[in-house]
Amino acid sequence: MAISSDHVQFRYGDALDPGPLAATSDLVASMVARGSCRAFSDRAVARGLSELLCAAALAAPTKSDLQQRDIVVLRDPEVKARFVALVGPDNWVADAPHFAVFCGNHRRQRMLHKLRGHAFANDHLDAFFNATVDAAIALSAFVSAAEALGLGCCPISAVRNDAAGVSDLLALPDHVFPVAGLAYGYPLDPTPRISMRLPLAATVHEDRYAETGQAEAIAQYDARRTAAQPYAQQRDTGRFGTAEAYGWSEDKSRQYATPERQTFGAFVRGKGFNLS
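Because the structure is a prediction, the values reported are computed rather than measured.

Parameters at a glance
- Residues numbered from 1 in each chain as written.
- Predicted model: local features only at pLDDT ≥ 70, side-chain atom pairs only at ≥ 80, totals over all residues.
- Heavy atoms only, no water.
- Helix = DSSP H or I, 4+ residues; strand = E, 2+ residues; numbered from the N terminus.
- Rg over C-alpha atoms; globule rule 2.2 N^0.38 Å.
- Buried < 20%, exposed > 50% of the residue type's maximum accessible area, 1.4 Å probe, protein only.
- Areas by Shrake-Rupley, 256 points an atom, 1.4 Å probe, with all protein chains shown as cover.
- Lys, Arg positive; Asp, Glu negative; His and termini not counted.
- Charge placed at Lys NZ, Arg CZ, Asp CG, Glu CD.
- Patch = residues over 30% accessible without salt bridge, like charges linked within 9 Å, V, L, I, M, F, W, Y side chains within 5 Å.
- Salt bridge = Lys/Arg side-chain N within 4 Å of Asp/Glu carboxyl O.
- Phe/Tyr/Trp six-rings, centres within 6.5 Å; stacked < 30°, edge-to-face > 60°.
- Contact = heavy atoms within 4.5 Å.

Caption draft 1: Spotlight on the overall build of the protein. A count of helices and strands for the protein gives 12 helices and 4 strands. Here the C-alpha atoms of the protein give a radius of gyration of 21 Å, agreeing with the 19 Å that 2.2 N^0.38 yields for 276 residues. If you line up the protein on its principal axes, its C-alpha atoms span 60 × 45 × 45 Å. Evaluated residue by residue, the protein yields a buried proportion of 39% over its 276 residues. Carbon and sulfur atoms form 54% of the exposed surface of the protein, whose accessible area is close to 15600 Å². In the protein, which carries 28 positive and 30 negative side-chain charges, the distance between the mean positions of the two groups comes to 6 Å.

Caption draft 2: Structural detail: a nonpolar patch on the surface. On the surface, L125, F129, V133 and I137 cluster together into a nonpolar patch covering about 310 Å² of accessible area. Here I137 shows up in helix α6 (residues 125-148). The partly exposed category is assigned to I137, whose relative accessible area is 30%.

Caption draft 3: Quick look at the pattern of salt bridges. In total, this model carries 6 salt bridges according to the counting rule given. Note that R110 is salt-bridged to D123, the shortest N-O span being 3.3 Å. With a gap of 13 residues between them, R110 in helix α5 (residues 107-116) and D123 in the loop between α5 and α6 connect regions that are remote in the sequence. A residue is classified by how much of its surface remains accessible, and R110, at 14% relative accessible area, is buried. Across the salt bridge formed by E250 and R254, the nearest N and O atoms sit 2.7 Å from each other. Linking E250 with R254, this pair stays in helix α11 (residues 248-255), spanning 4 residues, or about one helical turn. Residues participating in the shared-partner salt-bridge network are R235, D251 and K252.

Caption draft 4: Layout of the packing of aromatic side chains. Scanning all chains against the criterion turns up 9 aromatic pairs. Ring centres 5.2 Å apart and planes at 55 degrees place the aromatic pair F83 and F99 in the tilted group. In this pair, F83 is assigned in helix α4 (residues 77-87) and F99 in strand β2 (residues 98-105), connecting sequence segments 16 residues apart. Look at F99 and you get buried, because its relative accessible area is 1%. Of the aromatic side chains, those joined through ring pairs into one cluster are F102, F142 and Y184.

Caption draft 5: Quick look at the environment of G181. Here G181 shows up in strand β4 (residues 176-185). Each C-alpha atom of the pair G181 and G88 lies 11 Å from the other, and the pair is 93 residues apart in sequence. Dropping the residues within four chain positions of it, G181 is found in contact with A100, V101, L139, C154, P155, I156 and V159.

Caption draft 6: The arrangement of unusual backbone geometry in detail. Phi at A171 is positive, roughly 55 degrees, even though this residue is not glycine. With respect to the element layout, A171 can be found in the loop between α7 (163-169) and β4. Given the relative accessible area of 62%, A171 is considered exposed. The backbone of D207 sits at a positive phi, close to 70 degrees, despite the residue not being glycine. Secondary-structure assignment places D207 in the loop between α8 (200-203) and α9 (214-228).

The values reported here are purely geometric and, on their own, carry no functional implication.
Structure below.
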C-alpha cells in the first residue's frame, strides 16, 4: 500500500512528497488514510487478537520505563451495558461491539516505594501528567495496530464526563483513573472517512513556535472543510442562533462555550493526586 499524496492533499490541503519510502510504508500509509469508525459489523474480535493488540499497545514508549498505564478490556455484557449507559447511550457507542478503557496508573509506582522502603518524593502534578501521557501513548499504539489489521476504532473521551461513575464500574482504586475509552471492531465500511485537518503549516513549527498566519489558515480550513465535509447541523442554535457560514472554528468555539467536565479536577484529587 503506497502512501497516497491524494490522501495528504485532501486531509491537509497541502502537497507533500513522501520520498522513496512511499511504496513500502504500509503502516504509515494506513495512518495517513485513517478515519474513526462509528459503524461496526456484528463480527466478534477474537480474544487472542484483543490480547495481541493490548500487547502491541503496552510495547509503546513509556516515561522512564515506569509503565504507568493499564487497559481494562470490557467483556461482561452487563458491564458493557452499564459502561454505555455512562458514556453515550443515545449515540453510536451503544452499537459498538468491543470496548477498552485506557487508564493512567500511578498506584503501582507508589506500591514500589512501599515494597522497597524508599520515600516517594514526587507527589505533584507531574505524577498525574506522566501517567496520563503513558495511557494516551498506549491508546494510540492500540489504534495503529488494530487498524493495520483491518479493525476500526474510535476513542471515547466521554469516559471523563462521569469519571467517578466509570471508575466505580471498573473498580479503579486510588491513583488509577480513566483517560479515554476505545470502541473497536470490524467496520461495516472498510474504507474510512478521512477527516480534514488544519494545514501542516499551521500546526508544525520549525525551531520555535509561531502563530504567523493562524487566522488566515483557520479561515481557509473552514472554507475547505465546509465545501467538502459540511456539518450536518449547527451546535446549540437556541443559544447561538443559526450562522450563515458554519465551519470548524464556529463549531469548536461553540462547543467550548459550554462548561464540560467541571468535576474532573475534584475527581482526580479524590483519587489521591496532588496537582500542585
